[in-house]
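Structural characterization, general
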Amino acid sequence: MASKEPDHEHREDEEAPAAEDEDTGAQVAPIVKLEEVAVSTGEENEDTILDLKSKLYRFDKEGNQWKERGAGTVKLLKHKETGKVRLVMRQSKTLKICANHLVLPTMTVQEHAGNDKSCLWHASDFADGEVKDELFCIRFASVENCKTFMEMFQEVAESQNSKEENNDASAAAESLERLSVEEKKVEDKAGEDKAVATKEEKEPEADNAGKADSKNKDGEAAASST
């Protein structure tokens, strides 16, 4: 009769708890050393004046339908030096740019018919690396956010119009000032030329007068000798 003891011992070996890994204290240096890299978003010189979560759509003219551009955060960014404002929207997960264009004085934003949480506007967009004329529709989670966006968008557009007018006025003033300076230089140059011409006219007269005096003196001397 065969003995079952080996099998029993084998089961005991299987059921025996595994020994815990011993901490040897050894340190393994990383194979590749990663250095911290500064990431530029292009927004370092701009101040955020609006930041709202939303979903953006663009109108596909060929398909005659709305297509989703992405869901994320729409921002209005004001440049610290120039004062220009641009609209930028990135997808929430990938941070891919959905919209990127300046807010210009000629732009207007309108409510979407039948949806008070959405609004529309036209823009020359640069999100794809080239300028495209786009019709955008943006949808917010609440009516309040949509109204906030529309009011801020319109306010920025009007302020840019005032800024353009001020720039035009300043440019006109500078042009007038340059013209005045140039006219003054022309007048001064004309005065100098006139003075030189007058001097040149007087010099021949003086020479003629000197010659006449010499002739008179020669005549008087000849008369005296006679």
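For the structure itself, consult the block above.
The sections below set out a description of the structure shown in this document. (Residues numbered from 1 in each chain as written. Predicted model: local features only at pLDDT ≥ 70, side-chain atom pairs only at ≥ 80, totals over all residues. Heavy atoms only, no water.)

Looking at the pattern of salt bridges
What the rule picks out here adds up to 8 salt bridges. In the salt-bridge network here, residues are joined through shared partners; they are Arg69, Asp128, Glu130 and Lys132. (Salt bridge = Lys/Arg side-chain N within 4 Å of Asp/Glu carboxyl O.)

Describing unusual backbone geometry
You will see that Asn64, though not glycine, has its phi angle at about 55 degrees, which is positive. With respect to the helices and strands, the residue Asn64 is situated in the loop between β1 (46–60) and β2 (65–79). A relative accessible area of 58% means that Asn64 is categorised as exposed. (Helix = DSSP H or I, 4+ residues; strand = E, 2+ residues; numbered from the N terminus. Buried < 20%, exposed > 50% of the residue type's maximum accessible area, 1.4 Å probe, protein only.)

Brief notes about the nonpolar core
For soluble globular proteins, nonpolar side chains are generally found buried alongside one another. With 25 residues, the main nonpolar core has Leu87, Trp121, Ile138 and Phe149 as its most contacted residues. Of all the elements in the fold, those that place two or more residues in this core are β1, β2, β3 (85–91), β4 (97–102), β6 (115–125), β7 (132–139) and α2 (143–225). Tallying contributions element by element places α2 first for this core, with 6 residues. Those residues in contact with Ile138 that lie beyond four places of it in its chain are Ser54, Lys55, Leu56, Val74, Met89, Lys117, Ser118, Cys119, Trp121 and Phe149. (Core = buried A, V, L, I, M, F, W, Y, C linked by side-chain atoms within 4.5 Å. Contact = heavy atoms within 4.5 Å.)

A closer look at the sheet that holds β7
The 7 strands lie next to each other as β4-β3-β2-β1-β7-β6-β5, forming an open sheet whose pairing is antiparallel. On the outer flanks of this sheet lie β4 and β5 (110–112), each paired with one strand and no other. Within this sheet the neighbouring strands show an average axis-to-axis angle of 35 degrees, counted without direction. Examined bridge by bridge, β5 and β6 share 3 bridges and lie antiparallel to one another. Bridged to Gln110 within β6 is Leu120. (Pairing = 2+ DSSP bridges. Axes fitted to C-alpha atoms, helices over the stretch in contact; angles between N-to-C directions.)

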